[in-house]
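Letter by letter, the chains look like this.
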Amino acid sequence: MIGLVSATAAGAAARDRLAAAWPGRTRVYEGPVADAVRAAFAQCEQLVCFLATGAVVRLVAPLLADKRTDPGVVCVDEAGRFAVSLLGGHGGGANGLAAEVAGVLGAEPVVTTATDAVGVPGLDTLGLPVEGDVAGVTRALLDGEPVALRAEVPWPLPPLPLAAEGACTVRVTDRLAEETAGEVVLRPPSLVVGVGASRGAPAEEVLELVGAALREAGLSAASVAELATVDAKAEEPGLVAAAERLGVPLVTYPAGELAGVEVPHPSDAPLAAVGTPSVAEAAALRHGGELLVPKRKSQRADGRPAMATCAVVRRPGRGRLAVVGLGPGARDLLTPRAADELRRASVLVGLDQYVDQIRDLLRPGTRVLESGLGAEEERARTAVEEARRGHAVALIGSGDAGVYAMASPALAEASDDIDVVGVPGVTAALAAGAVLGAPLGHDHVSISLSDLHTPWEVIERRVRAAAEADLVVTFYNPRSRGRDWQLPKALAILAEHREPATPVGVVRNASRADESVRLTSLAALDPATVDMMTVVTVGNTATREIAGRMVTPRGYRWQESAR
């Protein structure tokens with residue numbers, strides 16, 4: 001929860017705008033300012049104070065306890081010009097919150113954290129538990145000193161200016177390590193602990209067993225990603241409580257799935273009880289990996305039979321492929337999620353002209369693999385191969401990456417050995433529709449007229465179907481120097497089912513500085529004025545030109561009755 005505190009009418013107005021924008025995330029604290037700040041500081045994960053920074057410093061100073069647990073604090077000035085990350089920039093998330101607040105209020109985010117100022121990810125912001133000399137290693141990174149990477153467990157990381165050798169080290173490992181000066185340890189979530197339990201097994205017994213297994217194997221509990229067991233134990237109180245106390249999910253599998261997992265120590269007891277010869281080992285190995293701790297039983301001080309078993313597996317590090325839609329070209333139509341993925345990627349793959357659009361958003365050290373037109377399949381294969389090597393990869397495309405762009409060729413290459421994230425973008429059809437008016441207000445279809453990958457016979461059949469179904473049609477890739485007859489043919493097919501006066505919208509370079517927009521008709525459109533940078537939208541029989549805008553009525557009854 002984000003606590004909101006203000007002292008004046010101007011501050012309250014900005015506060016209320018933020019509260020209205022985030023109704024489920026915020027809580028307004030009224031009353032005397034000092035009391036409100038104290039209450040919000042104690043009850044919320046983050047605070048936004050619409051007060052002077054000096055006032056907030058004096059109010060929160062007596063409340064500070066530990067940078068790892070204190071809430072993040074953002075200050076907004078009375079005029080709403082600046083959102084200042086004051087406290088807990090990384091640990092409390094104030095840097096990100098300042099950017100969000102600024103986006104809602106139209107303010108300028110002010111972030112003074114050294115790593116953010118130079119575009120280097122903070123070691124405590126990578127999404128992994130971090131231990132060791134964070135301040136010392138961060139200082140070395142900022143000073144340009146060589147910092148070595150020791151990745152004992154391959155894991156996708158954002159771009160970091162790391163070297164093969166250096167006086168300081170960033171170590172990626174799931175093994176126990178003593179703290180030493182000049183070393184930071186990142187804990188990847190690489191361990192899966194399979195657990196079995198008799199009915200009524202106490203959580204303490206499960207936790208003692210898991211803790212002992214990890215310690216004796218020299219493994220860190222901070223790298224445990226999940227507890228895994230059989231479906232029949234999904235609501236076993238001891239397992240549920242143990243997972244909660246470890247801060248990890250309890251993942252369950254059907255007995256039939258676990259019975260098919262080859263394990264070194266099958267047993268008749270679980271087979272009779274839940275239908276699989278192994279629970280702990282099979283659940284840990286369900287998605288492959290290296291068995292580090294074979295099945296072991298708990299030991300009870302009272303000498304009674306063990307009620308819990310566990311096994312520990314190191315799952316293989318998985319690369320990450322984010323397929324990112326950049327939108328139609330305007331920077332303000334690039335989504336925040338897309339921008340986050342670009343900053344997160346250590347490898348960027350894309351068409352050279354698209355890379356140029358967002359190069360300034362990349363962090364220092366990002367490896368860029370760019371190529372020209374016609375190399376789509378090569379880019380798709382390259383992105384998947386880089387992800388399989390364990391990297392965090394962003395594959396970019398214009399508009400939405402899933403619409404006539406890079407998502408489909410990439411996912412056709414990818415298997416289940418990498419994690420894939422889709423990041424939607426604003427499509428050309430939507431961008432063009434917005435400037436035309438509301439041409440897509442009812443059922444519509446998008447059709448590419450490029451026969452480079454699709455035979456014209458198939459394209460023509462789809463155009464005829466759309467014409468007969470009276471769908472609004474948006475044509476992508478309508479005409480190029482080498483393809484000048486497809487658009488006239490498609491328009492002729494539509495003209496068999498629509499009046500000559502049917503509105504047609506022609507938008508070139510939608511959302512960009514040189515955007516051009518024309519509203520014409522099916523009979524008047526000159527295909528020679530269209531090129532590959534153009535989107536052509538042809539209305540259906542209900543589409544009208546209203547006040548210079550192209551509108552396809554939704555067909556609301558109240559509108560019909562008002563006529």
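Scope of this entry: the structure provided in the associated data block. The residue numbers shown here count from 1 along each chain, following its written sequence. Under the rules for a predicted model, residues below a pLDDT of 70 receive no local features and side-chain atom pairs below 80 are neither given nor counted, while totals for whole chains, interfaces and linings still include all residues. Note that the side-chain values use all heavy atoms of the structure and ignore hydrogens as well as water.

**Points about the overall build of the protein**
Per the convention used, a helix needs a DSSP run of H or I reaching at least four residues, while a strand needs a run of E reaching at least two, with both numbered from the N terminus. Helix and strand content of the protein: 19 helices and 28 strands. In terms of overall dimensions, the protein has C-alpha extents of about 90 × 65 × 60 Å along its principal axes. Working definition: with a 1.4 Å probe on protein chains only, accessible area under 20% of the residue-type maximum means buried, over 50% means exposed, and in between means partly exposed. Of all 563 residues assigned to the protein, the portion counted as buried reaches 46%. Considering only residue pairs separated by 6 or more positions, the protein has 65% of its internal contacts joining residues 24 or more positions apart. By the counting scheme adopted, Arg and Lys are positive, Glu and Asp are negative, and His together with the chain ends is not counted. Think of each charge as sitting on NZ of Lys, CZ of Arg, CG of Asp or CD of Glu. Charged side chains of the protein number 55 positive and 69 negative; the gap between the two group centres comes to 2 Å. Note on contacts: a residue pair is in contact if any heavy atoms of the two residues lie within 4.5 Å.

**Structural notes on the pairing of strand β18 (residues 367-371)**
Being paired, for any two strands, means DSSP has found at least two bridges between them. Relative to β18, strand β17 (residues 347-351) runs parallel, the two being bridged by 5 bridges. Each bridged residue has a counterpart across the sheet, and for Leu348 the counterpart in β18 is Val368. Handedness of a crossover is defined as follows: with both strands directed away from the viewer, a clockwise route from the first strand across the helix to the second makes it right-handed. For the handedness criterion, the β-α-β arrangement of β17, helix α13 (residues 352-358) and β18 is classed as right-handed.

**With respect to the side chain of Glu386**
Counting through the fold element by element, Glu386 comes out in helix α14 (residues 376-388). Not counting residues up to four positions away in its chain, the partners in contact with Glu386 are Val347, Arg367, Leu369, His391 and Val393.

**As for the packing of aromatic side chains**
Each pair of aromatic rings is reported with the distance of its centres and the angle of its planes. Any pair of Phe, Tyr and Trp rings, taking the six-membered ring for Trp, is counted once the centres come within 6.5 Å. Such a pair is stacked with planes under 30 degrees apart, edge-to-face with planes over 60 apart, and tilted for the rest. For the structure shown, the criterion picks out 2 aromatic pairs. When the centroid spacing of 4.7 Å and the interplanar angle of 50° are considered together, the rings of Tyr404 and Tyr476 count as tilted. Of this pair, Tyr404 sits in the loop between β19 (392-397) and α15 (407-413) while Tyr476 sits in strand β23 (residues 472-476), placing them 72 residues apart in sequence.

**Comments concerning helix α12 (residues 336-344)**
For α12, every residue scored as buried is listed here: Ala338, Ala339, Glu341 and Leu342. Projected down its long axis, α12 carries its buried residues within an arc of 160°, all on one side. Turned more than 90 degrees off the buried face of α12, the exposed positions are Pro336 and Arg337. Where α12 is buried, its residues touch β16 (320-325), β17, α13, β19 and β20 (419-423). Directions pointing from the helix axis toward each C-beta atom define the arc.

**Topic: the pattern of salt bridges**
Salt bridges are identified by distance alone: a Lys or Arg side-chain nitrogen within 4 Å of an Asp or Glu carboxyl oxygen. Throughout the structure, instances matching the rule amount to 28 salt bridges. Two residues, Arg15 and Asp16, come together in a salt bridge whose shortest N-O distance is 3.0 Å. For Arg25, the salt bridge identified is with Glu100, shortest N-O distance 3.1 Å. A residue pair is termed long-range when its members are at least 10 positions apart, and Arg25 in the loop between α1 (9-21) and β2 (26-29) and Glu100 in helix α4 (residues 94-105) qualify at 75 residues. Accessibility expressed as a relative area gives 36% for Glu100, which makes it partly exposed. A single salt-bridge network, built from bridges that share partners, covers Arg150, Glu152, Arg171 and Glu183.

**Some thoughts on the pairing of strand β24 (residues 503-508)**
In terms of residue burial, β24 counts as a mostly covered element, since 5 of its 6 residues are buried. Pairing analysis gives 6 bridges linking β24 to strand β25 (residues 516-521), with the strands arranged antiparallel. Looking across to β25, one finds that Val504 is bridged to Thr520. Relative to strand β26 (residues 534-538), β24 runs antiparallel, the two being bridged by 5 bridges. Within β26, the residue paired with Val504 across the bridge is Val538.

**Quick look at the sheet that holds strand β15 (residues 308-314)**
Paired through their backbone hydrogen bonds, the strands of a sheet run either parallel or antiparallel. Taken together, the 5 strands give an open sheet; going across it, the order is β13-β12-β11-β15-β14, and neighbouring strands pair in mixed fashion. Two strands bound the open sheet, and with one partner strand each, they are β13 (250-253) and β14 (290-297). Across the sheet, the mean angle from the axis of one strand to that of its neighbour is 25°, orientation sign disregarded. Contacts between helix α7 (residues 203-216) and the sheet are confined to β11 (191-197), β12 (224-230), β14 and β15, with β15 contributing the most and set at about 40° to the helix. Where helices are involved, their axes are fitted lines through C-alpha atoms of the stretch in contact, as for all axes, and angles between N-to-C directions lie from 0 to 180°.

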